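# Reading the structure
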Amino acid sequence: MRRLGVRLAQVLRAGDLVLLTGELGAGKTTLTRGLGEGLGVRGAVTSPTFVIARVHPSLGDGPPLVHVDAYRLGGGLEEMEDLDLDVSLPQSVVVVEWGEGRVEELTEDRLHVVISRATGQAGQEADDVRTVTLVGVGERWAREDLAALAG
Ligand SMILES: Nc1ncnc2c1ncn2[C@@H]1O[C@H](COP(=O)(O)OP(=O)(O)O)[C@@H](O)[C@H]1O
Ligand SMILES: [Mg+2]
């Protein structure tokens, strides 16, 4: 999941919105850790559960990573704008855990990353298998070869 994040980071650029969907423990934060690594940002990417959003500035001249936990963002977009993040969202890569149905209004273009975890019986390997589905919405993603990320 981390390596997939590193690969995905290579196609991300300022203004991109990535929505992560998947049950607790699916690997959303782990994928985001890879994104942070791939983007070369400062600070450890951890679960933002108790802070709602965290900004990781670039160590180079790339865009900052804004990592949001929308689970607690009941009000959706308005609350997101009220967060006073001191960063320009159009100039950042914004990654939102539990974002589906909450922050789509931020931009017409967005990448949905849906992680499903096979539910095997306790103690069985199937529990560790993740299936990740990438769905790009809008003009921005029509031009991107997402299948190449499966490599
Ligand atoms: N592909 C994977 N295979 C096995 N374990 C994984 C995988 N992806 C994540 N994990 C593990 O699952 C746990 C929960 O991951 P996390 O990224 O915090 O999930 P989420 O943010 O979706 O709740 C972590 O211990 C992580 O190391
Ligand atoms: Mg998480």
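Summary of the structure given here. (Residues numbered from 1 in each chain as written. Chains lettered and ligands numbered in written order. Predicted model: local features only at pLDDT ≥ 70, side-chain atom pairs only at ≥ 80, totals over all residues. Heavy atoms only, no water.)

## Quick look at the coordination of the magnesium ion (ligand 2)
This is how it is decided: Listed donors are limited to N, O and S atoms within 2.8 Å of the metal, widened to 3.2 Å for Na, K and Ca; water is not among them, so incomplete-looking sites are possible. Numbered from the N terminus, helices here are DSSP runs of H or I no shorter than four residues, and strands are runs of E no shorter than two. With a 1.4 Å probe rolled over the protein chains alone, any residue whose accessible area is under 20% of its type maximum counts as buried; one over 50% counts as exposed, and the rest are partly exposed.
Looking at the magnesium ion (ligand 2), one finds its protein donor set to be Thr29 (OG1) and Glu97 (OE), positioned 2.2 to 2.5 Å from the metal centre. Placement of the pair is Thr29 in helix α2 (residues 28-39) and Glu97 in strand β4 (residues 93-97), with a sequence separation of 68 residues. Each member of the pair, Thr29 together with Glu97, is buried.

## What to know about the environment of Leu59
The criterion, for reference: In this analysis, two residues are considered to be in contact whenever any of their non-hydrogen atoms come within 4.5 Å of each other.
Structurally, Leu59 can be placed in the loop between β2 (53-56) and β3 (65-69). Distance in space between the C-alpha atoms of Leu59 and Val41 is 5.1 Å, their sequence separation being 18 residues. Apart from residues no more than four positions distant in its own chain, Leu59 is found in contact with Gly40, Val41 and Arg42.

## Considerations on the pairing of β3
Selection rule: Think of it this way: DSSP has to see at least two bridges between two strands before they count as a pair.
Counting buried residues in β3 gives five out of five residues, a clear majority hidden from the surface. Residues of β3 alternate between two faces, with Leu65, His67 and Asp69 on one and Val66 and Val68 on the opposite face, all of them buried. Bridge analysis of β2 against β3 gives four bridges, and the strand direction is antiparallel. Bridged to Ala53 within β3 is Val68. Note: β3 against β4, five bridges, orientation parallel.

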